[in-house]
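Each chain, written out:
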There are 2 protein chains.
Amino acid sequence: MLMITIALDVLGGDNAPASNIDGALMALKKSPEVAVKLFGPQAMIEEELKKRGESSSERLMIVDAPEFISQEEHPVAAISEKKESSMVKGLMAVRSGEADAFVSAGSSGAVLAGGQLKVGRIKGALRTPLATPIPTSNGVSLLLDCGANVDARPEWICQFARMGQLYAKKLLGVNEPSIKLVNIGSEAEKGNALIKATKPMIEKLEGLNYQGYIETREIPEGKADVIVTDAWTGNAILKLYEGTALTLIKMIKTAITSDTKSKIGALLIKDSLKGTLKLFDTSKYGGAPLLGLRGLVVKCHGNSKAPEIAAGILQCMDFVKAGINEELSEALQKDNELIKALKEEQEKG
Amino acid sequence: MLMITIALDVLGGDNAPASNIDGALMALKKSPEVAVKLFGPQAMIEEELKKRGESSSERLMIVDAPEFISQEEHPVAAISEKKESSMVKGLMAVRSGEADAFVSAGSSGAVLAGGQLKVGRIKGALRTPLATPIPTSNGVSLLLDCGANVDARPEWICQFARMGQLYAKKLLGVNEPSIKLVNIGSEAEKGNALIKATKPMIEKLEGLNYQGYIETREIPEGKADVIVTDAWTGNAILKLYEGTALTLIKMIKTAITSDTKSKIGALLIKDSLKGTLKLFDTSKYGGAPLLGLRGLVVKCHGNSKAPEIAAGILQCMDFVKAGINEELSEALQKDNELIKALKEEQEKG
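Residues numbered from 1 in each chain as written. Chains lettered and ligands numbered in written order. Predicted model: local features only at pLDDT ≥ 70, side-chain atom pairs only at ≥ 80, totals over all residues. Heavy atoms only, no water.

(A) Structural view of the overall build of chain A. Secondary structure assignment for chain A yields 11 helices and 11 strands. Relative to its length of 349 residues, chain A is compact, with a C-alpha radius of gyration of 21 Å against a globular reference of 20 Å. Taken along its principal axes, the extent of the C-alpha atoms in chain A is 70 × 60 × 40 Å. Across chain A, the fraction of contacts at a sequence separation of at least 24, relative to all contacts at a separation of at least 6, is 73%. Surface exposure of chain A reaches about 14,300 Å², of which carbon and sulfur atoms provide 51%. (Helix = DSSP H or I, 4+ residues; strand = E, 2+ residues; numbered from the N terminus. Rg over C-alpha atoms; globule rule 2.2 N^0.38 Å. Contact = heavy atoms within 4.5 Å. Areas by Shrake-Rupley, 256 points an atom, 1.4 Å probe, with all protein chains shown as cover.)

(B) Representation of the pairing of strand S7 (residues 179-183) of chain A within the structure. All names here are of chain A. Within S7, five of the five residues are buried, leaving the element largely enclosed by the surrounding structure. Relative to strand S9 (residues 226-228), S7 runs parallel, the two being bridged by three bridges. Of the residues in S9, the one forming a bridge with Leu-181 is Val-228. (Buried < 20%, exposed > 50% of the residue type's maximum accessible area, 1.4 Å probe, protein only. Pairing = 2+ DSSP bridges.)

(C) Region of the structure containing the interface of chain A and chain B. Taken together, the contact between chain A and chain B spans 58 residues of the former and 57 residues of the latter. When chain A packs against chain B, close to 5,100 Å² is buried across both sides, 71% of that on carbon and sulfur atoms. Contact with chain B buries area across many residues of chain A, yet Ile184(A), Trp232(A) and Leu240(A) alone supply 16% of it, more than any other trio. The tally of links between chain A and chain B comes to six salt bridges. The residue Arg217(A) makes a salt bridge to Glu242(B) at a minimum N-O spacing of 2.9 Å. In this assembly, chain A and chain B are joined by 20 residue pairs in polar contact (both at pLDDT 80 or more). When contributions to the side of chain A that touches chain B are tallied by element, the ones reaching two or more residues are S7, helix H7 (193-202), helix H8 (231-255) and helix H9 (260-279) of chain A. Residue contributions to the side of chain A that touches chain B peak at 19 residues, all from H8(A). Residues belonging to the side of chain A that touches chain B are distributed by class as follows: 29 nonpolar, 18 polar and 11 charged. (Buried area = accessible area lost by both parts, 1.4 Å probe. Salt bridge = Lys/Arg side-chain N within 4 Å of Asp/Glu carboxyl O. Polar contact = N/O pair within 3.5 Å; in protein donor to acceptor, adjacent residues only side chain to side chain. Nonpolar A, V, L, I, M, F, W, Y, C, P; charged D, E, K, R; others polar.)

(D) Region of the structure containing the relation of the copies chain A and chain B. Under the fitted operation, chain A is carried onto chain B by 0.0 Å of movement along the axis and a turn of 180 degrees, and the coordinates agree to an RMSD of 0.0 Å. The superposition of one copy onto the other is thereby described by a two-fold rotation axis. Minimal C-alpha distance to the rotation axis in chain A is attained by Gly265(A), lying at 1.9 Å. Both copies share a contact surface, since 98% of the interface residues of chain A are interface residues in chain B too. (Least-squares fit on C-alpha atoms with pLDDT ≥ 70 in both.)

(E) View of the packing of aromatic side chains. Residues and elements named next belong to chain A. In the structure shown here, the tally under the stated rule is two aromatic pairs over all chains. Seen from their ring centres, Tyr-167 and Phe-319 are 6.1 Å apart, and the 40 degrees between their planes marks the pair as tilted. Linking Tyr-167 in helix H6 (residues 154-170) with Phe-319 in helix H10 (residues 306-322), this pair joins segments that are 152 residues apart in sequence. Given the relative accessible area of 5%, Tyr-167 is considered buried. For Phe-319, a relative accessible area of 7% corresponds to the buried category. (Phe/Tyr/Trp six-rings, centres within 6.5 Å; stacked < 30°, edge-to-face > 60°.)

(F) Fine view of the sheet that holds strand S2 (residues 34-40) of chain A. Residue and element names in this part refer to chain A. Spatially, S3-S2-S1-S4-S11-S10 is the arrangement adopted by the six strands of the open sheet, whose pairing is mixed. Looking at which strands have only one partner, the edges of the open sheet turn out to be strand S3 (60-64) and strand S10 (288-290). Ignoring which end each strand starts from, the neighbouring axes of this sheet average 25 degrees apart. With six bridges joining them, strand S1 (residues 4-9) and S2 adopt parallel strand pairing. Paired with Asp-9 across the strands is Phe-39, a residue of S2. Seen against the sheet, helix H5 (residues 108-119) touches strand S4 (101-104), S10 and strand S11 (296-299) and runs at an angle of roughly 175 degrees to S11. (Axes fitted to C-alpha atoms, helices over the stretch in contact; angles between N-to-C directions.)

(G) Broad picture of the side chain of Asp145(A). All names here are of chain A. Following the sequence through the fold, Asp-145 ends up in the loop between strand S6 (139-144) and H6. For the buried Asp-145, no salt bridge exists, and the shortest N-O distance to an oppositely charged side chain is 7.8 Å, to Arg-127. At 2.7 Å, the side chain of Asp-145 forms a polar contact with the side chain of Asn-149. If sequence neighbours within four positions are ignored, Asp-145 has contacts with Pro-129, Leu-130, Phe-160, Thr-229, Asp-230, Ala-231, Gly-234 and Asn-235. (Lys, Arg positive; Asp, Glu negative; His and termini not counted.)

(H) Representation of the state of the cysteines in the model. Residue and element names in this part refer to chain A. Across all of its chains, the model carries zero disulfides over all chains by this definition. Cys-158 takes part in no disulfide bond, and the closest cysteine sulfur to it belongs to Cys-146, at a distance of 18 Å. When its relative accessible area of 1% is taken as the criterion, Cys-158 is described as buried. (Disulfide = S-S within 2.5 Å.)

(I) Geometry of the pattern of salt bridges. Here the structure, examined in full by the defined rule, presents 30 salt bridges over all chains. We note a salt bridge from Glu206(A) to Lys334(A), for which the minimum N-O separation is 3.6 Å. Of this pair, Glu206(A) sits in the loop between H7 and strand S8 (210-215) while Lys334(A) is found in helix H11 (residues 324-348), placing the two residues 128 residues apart along the sequence. By relative accessible area, Lys334(A) is classed as exposed at 53%. We note a salt bridge from Glu48(B) to Arg52(B), for which the minimum N-O separation is 2.7 Å. Judged by its relative accessible area of 11%, Glu48(B) is buried. Residues joined in a network through salt bridges with shared partners are Asp22(A), Glu48(A), Lys51(A) and Arg52(A).

These results come straight from atomic positions and should not be treated as a statement about function.
See below:
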């Protein structure tokens, strides 16, 4: 049996360390093929395990990492200075091969910077986007980049499309995933300078089911399997999407419990409403992978509880088993050649 | 009595011409101080009025404009070529002073381009942003720019803040409106190149209640009176906001009518839910003004019905009465001086 080893950042996230430890135990119970290395202060982890009547084992190892990187720290500075942190040590374990993947619910900035700086990129990858699965009214779309690559170049966006294609195909099981580029209108002449420069490149990539522009208005309806954009726009979309759904649901809950008549009504619709609202729950998709790395790094939502951490751990198994990195590296290098030729042509003509 | 004359684009919008004509009649009934000039094909307008038992009068004039600019046309080309269109003739009426304002539910691109090209900017204004009132859980925020100024410069964003401030104060009645800049994180080091260049400028503008960054996640909660960003981001926000609310409400409606038990519940919560969902109805705010023009241009939503067209017409009266353009022009010129000095300082040091 192939055993896959996951490095878990015990200190990252709003509910650390309890939810992270619980998540690790949950994952171990769910799959016999997974082993977890817990990165954090040894004494603290031992005590947390003891509280739960557990202890370290062959499948549940403790790696002492006494330092912690907080949300407030400058990501790049923290990654280079805090060598004893759970994050840096966990990422280094992926680099050295002691772990197959690293999972963290900690500082997004630090995970993104650490992935690039400590794990490194596969050959051909210019940047490493964060690919976030987002719920839609008819399933799930993969939105990338939600990471740190603001002020993107057209070549990066093209790479995000290729990475999203392979991830959606191999990991989400979508046959020939449809790929769309975010724009502020569907007309051909719309867009900013980045979009106008990206369009002629992305259209020419081989074997990519590219279907043109998507307006943000269409995102909730699930009009594409993979949605590509720069990290500025991706982050703005992701956070507004979450915020709007949360606010609206909160307002509706307040409204339908505002008087006795509504309260009775609320009881009657509770079950069917619950199912619908669950569709818009981002947590069930585990974490968001950072693509294009020599190894796997998964960022879980900061407010992850045990089930989300467990899902984050278990989704790594599919990724490691699918082994997409080799295929991805080859595809990216081929795309790079094509884009280089296109650019030379443009400069000539 | 001061009579204010509004030029109305009879042909613009999904429900034209019927809703536009109905909206004009509604506005005339609501206020004795307004006169409307209907721009569109004369015979068609006369017939529409006749159907309603109405005819042209001193307060309801017809200006023959046989050409139509569609959503599909290239905005700048259409504005320069279609001189007999309802849009160009309506805008020219504002320029010449024959009308105080122009209202259209037609092609956004054409309204934006036409405003700049045909009406022209006030002294000091570098660009003319579209300021959209958006509903939040505690009222309304003004989001700008939702117009055409993609690939913005830091100076433009500063101007949008000043324009938003004056509009919110004079037209929305907000005392010392709070102003925030869209960013993808609240930490100081976050942001793209545009944000990093805008921050040191906007902070120094005088008499502006600037309160730092706003994440898109916070927008639905109404965390600022005025939200400034470039048009790329503003359009992405506006359309996603509308799309998410629509999709979610649709899904909830489907869920609560999915079985008999839920249907009974739905009847009981109907009244209280209706009130809440109305809060998120963008149409009640009439239209979005294009700021910084020598005159007023208001863009109504493409799907506007008669009440929204009427609201769009009536809101022009407040704008014209408030006469903010002189004050705005002076403030912008003062800001420009300050920004020029800041830039010179930066270049030196």
